[in-house]
Amino acid sequence: MTQSSPLLIGLSAVMVAVETDAPRVLVTQRETGEYALPFGVFDPDRHRTFDLSLRGWVREQTGFELGYVEQLYTFGDKDRETPEATLSGAAPNARVISVGYLALTPEARPAGDSFEARWQSWYRYFPWEDHRNGRPALIDAHIAPRLMTWAAGNERRLERARAAFALDGIRWIEERVLDRYELLYEAGLVIECARDAGLPEPDVRLGEPMASDHRRILATAISRLRGKIKYRPVVFELMPDRFTLSSLQRAVEGILGLSLHTQNFRRALDKTSFVVGTGAMETSTGGRPAELYSYNRDSAFDAATTGLSAPRKTAD
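Each value, and the rule that gives it
- Residues numbered from 1 in each chain as written.
- Predicted model: local features only at pLDDT ≥ 70, side-chain atom pairs only at ≥ 80, totals over all residues.
- Heavy atoms only, no water.
- Helix = DSSP H or I, 4+ residues; strand = E, 2+ residues; numbered from the N terminus.
- Contact = heavy atoms within 4.5 Å.
- pLDDT = per-residue confidence, 0-100.
- Buried < 20%, exposed > 50% of the residue type's maximum accessible area, 1.4 Å probe, protein only.
- Pairing = 2+ DSSP bridges.
- Core = buried A, V, L, I, M, F, W, Y, C linked by side-chain atoms within 4.5 Å.
- Axes fitted to C-alpha atoms, helices over the stretch in contact; angles between N-to-C directions.
- Parallel < 35°, antiparallel > 145°, perpendicular 65-115°, else oblique.
- Left-handed = near helix turned anticlockwise from the far one by under 90°.
- Nonpolar A, V, L, I, M, F, W, Y, C, P; charged D, E, K, R; others polar.
- Phe/Tyr/Trp six-rings, centres within 6.5 Å; stacked < 30°, edge-to-face > 60°.
- Lys NZ or Arg CZ within 6 Å of the ring centre and 35° of its normal.
- Arc of directions from axis to C-beta.
- Salt bridge = Lys/Arg side-chain N within 4 Å of Asp/Glu carboxyl O.

(A) Fine view of the overall build of the protein chain. Across its full length, the protein chain holds 9 helices and 9 strands. By sequence separation, contacts in the protein chain at least 24 residues apart represent 67% of the contacts at least 6 residues apart.

Next up, the structure:
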């Protein structure tokens, strides 16, 4: 009878903050030089639930007291790398089941001294996702030609490539972050694919790689957040207690990777009960004073509450 591999259940945290109009994630750096998401082992003797375990080790290792947290997905593919097994002291051949979480915080403050981590823009890992200044040249210069070569003669692959990267006049769908990354992985165009298959690195570097399948976990989180802010007011979990409407719009634009139509955004916001004026003014920017607003948390209990409308400035 074949002996089964040890099983390790871990928790991977995608911790997101918005700073200087860019969404940032907290990452650590492995001895290999690869960046990784914070990871902790689930301890059933200490914690009753995964959620409590996540909050516990994040608090201990980083000093962060997590607020908004939601479970993303369970990542347990047999062929995924398992460096977490050795990091946790388990057997090197342990099968790692990682439960991914999305955690939102209004401040990208430094992690604790005992936890070497840094905040980085998530566009460092997904540069093709930032369309705030127009369609990234990287798509048509490097991604599209390589995908077309890979998909040549296969209509299903061609359809997926066109839909994912908005080729041949198809509209860009910002929520399809995971679809795009998985397509690039399947086509052998990201470093993780070459690493996992023991092949030479691709000739063009499409974003920074991450340890194990952490870029896939991050893509899952971005897809979830981009979709969710349109039907639930979760963006306010990333905002300070008081904010201007301009900073709120820039936060939404940063998350979606899109430039929004300001007047239409304000009109849509006016139709909700999400924000209330404080009467105070923001004057530190040196420009025209702008009123500071706060989030009306009572609106979250309204059954009719949706998210924020995201009217694009121009078609992408």
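After that view of the structure, there is still more to cover.
(B) Seen up close, the confidence of the model for the protein chain. Here the protein chain averages 85 in pLDDT, while 87% of its residues score no lower than 70. pLDDT under 50 marks residues 80-90. Its contacts with residues more than four places away, or in other chains, come to 30 contacts.

(C) Molecular detail of the pairing of strand E2 (residues 22-29). Within E2, 7 of the 8 residues are buried, leaving the element largely enclosed by the surrounding structure. Across 4 bridges, strand E1 (residues 7-19) lies against E2 in antiparallel orientation. Note that in E2 the partner of Val18 across the bridge is Pro23. With antiparallel pairing between neighbouring strands as the criterion, E1 and E2 make up a hairpin whose turn holds 2 residues, including Thr20 at a positive phi of roughly 45°. Direction of pairing for E2 relative to strand E7 (residues 117-121): antiparallel, over a ladder of 5 bridges. Within E7, the residue paired with Thr28 across the bridge is Ala117.

(D) Region of interest: unusual backbone geometry. For Asp168, which is not glycine, the phi torsion reads 55° and is therefore positive. Assignment of secondary structure puts Asp168 in the loop between helix H4 (155-165) and helix H5 (177-186). Classification of Asp168 by relative accessible area gives exposed; the value is 65%. Even without glycine at this site, Ser212 takes up a positive phi of about 50°. Looking at the element boundaries, Ser212 is found in the loop between helix H6 (191-197) and helix H7 (214-228). Residue Ser212 is classed as buried on the basis of its relative accessible area of 5%.

(E) Summary view of the nonpolar core. Val14, Leu147, Phe165, Leu225, Phe236 and Leu248 are the most contacted members of the largest nonpolar core, which has 70 residues in total. Per element, the largest residue contribution to this core is 7 residues, and it comes from helix H3 (residues 137-151). Among the nonpolar cores identified, the runner-up in size contains 16 residues, and Leu54, Tyr101, Ala108 and Trp119 belong to it.

(F) Representation of the packing of H3 against H4 within the structure. Where H3 meets H4, the closest approach of the two axes is 9 Å, and the angle between their N-to-C directions is 160°. Taken together, the axes of H3 and H4 are roughly antiparallel relative to one another. For the pair H3 and H4, the crossing hand works out as right-handed. Where H3 approaches H4, its residues Ile139, Ile143, Leu147, Met148, Trp150 and Ala151 are matched on the opposing element by Arg157, Leu158, Arg160, Ala161 and Phe165. Looking at the contact of H3 with H4, its residues break down into 9 nonpolar, no polar and 2 charged.

(G) Focus on the packing of aromatic side chains. Taken as a whole and assessed by the stated rule, the structure comprises 8 aromatic pairs. On the numbers, 4.4 Å between centres and 0° between planes, the contact of Phe236 with Tyr295 is stacked. With a gap of 59 residues between them, Phe236 in the loop between H7 and helix H8 (245-256) and Tyr295 in strand E9 (residues 290-295) connect regions that are remote in the sequence. Summarising the burial analysis for this pair, Phe236 and Tyr295 share the class buried. Taken together, Phe126, Trp128, Tyr181 and Tyr185 form an aromatic cluster joined through their ring pairs. One residue, Arg180, lies across the ring of Trp172, its end atom 3.8 Å from the ring centre.

(H) Quick peek at the packing of H8 against helix H9 (residues 262-270). Where H8 meets H9, the axes come as close as 11 Å, and the angle between the chain directions of the two elements is 105°. Taken as axis vectors, H8 and H9 run roughly perpendicular relative to one another. Across from Leu245, Ser246, Leu248, Gln249 and Val252 in H8, the residues of H9 making contact are Thr262, Phe265, Arg266 and Leu269. Counted by class, the contact of H8 with H9 contains 5 nonpolar, 3 polar and 1 charged residues.

(I) Geometry of H9. Listing the buried residues of H9 in full gives Phe265, Ala268 and Leu269. Each buried residue of H9 sits inside an arc of 100° when the element is viewed along its axis, so together they form one side. Exposed residues lying more than 90 degrees from the buried face of H9 are Gln263 and Asp270. Next to the buried residues of H9 lie H8 and strand E8 (275-282).

(J) Summary view of the pattern of salt bridges. By the definition in use, this model includes 23 salt bridges. The salt bridge involving Glu70 is made with Lys228; its shortest N-O contact spans 2.9 Å. Residue Glu70 is found in strand E5 (residues 68-75), and its partner Lys228 is found in helix H7; the two are separated by 158 residues along the sequence. With a relative accessible area of 11%, Glu70 lands in the buried category. Here Arg135 ties to Asp140 by a salt bridge, and the two come within 2.9 Å at their closest N and O atoms. Given the relative accessible area of 25%, Arg135 is considered partly exposed.

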